[in-house]
Amino acid sequence: MRHTIALFSLLLLAACAKEDSSDLAPDVPIYQDYKVLFDKPENRTRAFATFRRTSSLGTRLQLTGGSSIRFNGQPYEVYTELDNYFYRWTENGLVDVSFEYTKAAQALFLNSIARADTHDIAVPNGVVLSRVNGGQVFWTGRDLEAGEVVEAWLRQSGTNGGRVSVNTTGAGSVVFAADDVEDLSPGTADLYFSRTRTLPLQQADGSAGGRRVVEVEARGTVMVQ
């Protein structure tokens, strides 16, 4: 048991580890990780960025010593170390986002994520789910392409139903089992869809690489019987 706790502690420390970018030699390449969530239900755009030493497996970096990140020419609004993305920014409306990463005040890398980069998704009308049998929901939008993921979840007056996901190329629907729906009451509920795809960078720092994660979220009303 002590070994399990010790291993968990080491993994937690590794996950939370960070270092200042100014401590790195200038020739160390930096991995860039960008994400934009186009939140259609709230009509807002949320953007995220984080940076790692050398590769996707490297230690996360706090940008110091002349390094910075800007979103559409603006500084970040929130810095947090609670999950993968340190730097966060929000804008009302669904807007394209340009990321401007300055490395040690010497190099500038420009990458962007546009609304047109999403493969849109919507909740169709007339969906009925059974508390006894669950149900299958076909989304409005193209079928999944390789590497894409769709998640779906239910909410009703503060009660959460099940959360399901699908990543099979060519899929066009999600399936809720009975136990995903059984805690909801008969009547209407909100169904959320989140569709995510990952794209390569437009400008990388040497061999470090990186990614652009594009997510679009939709909400609609379904009937629970």
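An account of the accompanying structure is given in this report. Within each chain, residues carry numbers counting from 1 in the order of the written sequence. Whole-chain, interface and lining totals are the exception, using all residues; otherwise, since this is a predicted model, local features are given only for residues with pLDDT of at least 70 and side-chain atom pairs are given and counted only at 80 or more. Values reported for side chains reflect all heavy atoms of the structure, with hydrogen atoms and water molecules removed beforehand.

**A word on the environment of G206**
Within the fold, G206 resides in the loop between β16 (187-199) and β17 (210-224). Relative accessible area decides the class of each residue, using a 1.4 Å probe on protein chains only: under 20% of the type maximum gives buried, over 50% gives exposed, and in between gives partly exposed. Look at G206 and you get exposed, because its relative accessible area is 64%. Distance in space between the C-alpha atoms of G206 and D27 is 9.2 Å, their sequence separation being 179 residues. Only runs of H or I of at least four residues qualify as helices and only runs of E of at least two qualify as strands under DSSP, and these elements are numbered from the N terminus.

**What about the side chain of K103?**
Here K103 lies in strand β9 (residues 97-103). A relative accessible area of 12% means that K103 is categorised as buried. For K103, the contacting residues outside a window of four places in its chain are P26, V28, P29, I30, S67, F109 and D205. In this description, contact between two residues means that some pair of their heavy atoms is separated by no more than 4.5 Å.

**Details of the sheet that holds strand β10 (residues 107-113)**
Two strands form a pair only when DSSP identifies at least two bridges running between them. Pairing within the open sheet is antiparallel, and its 4 strands lie in the order β6-β5-β9-β10. Looking at strand neighbours, the two that pair on one side only are β6 (74-75) and β10, the edges of this open sheet. Bridge analysis of β9 against β10 gives 7 bridges, and the strand direction is antiparallel. What sits directly across from K103, in β10, is A107.

**Description of the side chain of E217**
Mapping E217 onto the fold places it in strand β17. Charged residues are defined narrowly, with Lys and Arg counted positive, Asp and Glu counted negative, and His plus the chain ends left uncounted. By definition here, a salt bridge exists when the distance from a side-chain nitrogen of Lys or Arg to a carboxyl oxygen of Asp or Glu is within 4 Å. Despite its burial, E217 pairs with no opposite charge; the closest candidate is R46, at 4.9 Å N-O. Aside from chain neighbours lying at most four places away, what touches E217 is L37, F38, D39, K40, P41, W153, Y192, F193 and S194.

**Some remarks on the nonpolar core**
To qualify as a nonpolar core, a set must consist of buried Ala, Val, Leu, Ile, Met, Phe, Trp, Tyr and Cys residues joined through side-chain atoms within 4.5 Å. F51, I69, V174, F176 and F193 are the most contacted members of the largest nonpolar core, which has 48 residues in total. The biggest single contributor to this core is β17, with 5 residues. In this view, I69 contacts Y34, A49, F51, L63, Q74, P75, Y76, Y87, F99, E100 and Y101; residues no more than four positions away in its chain are not counted.

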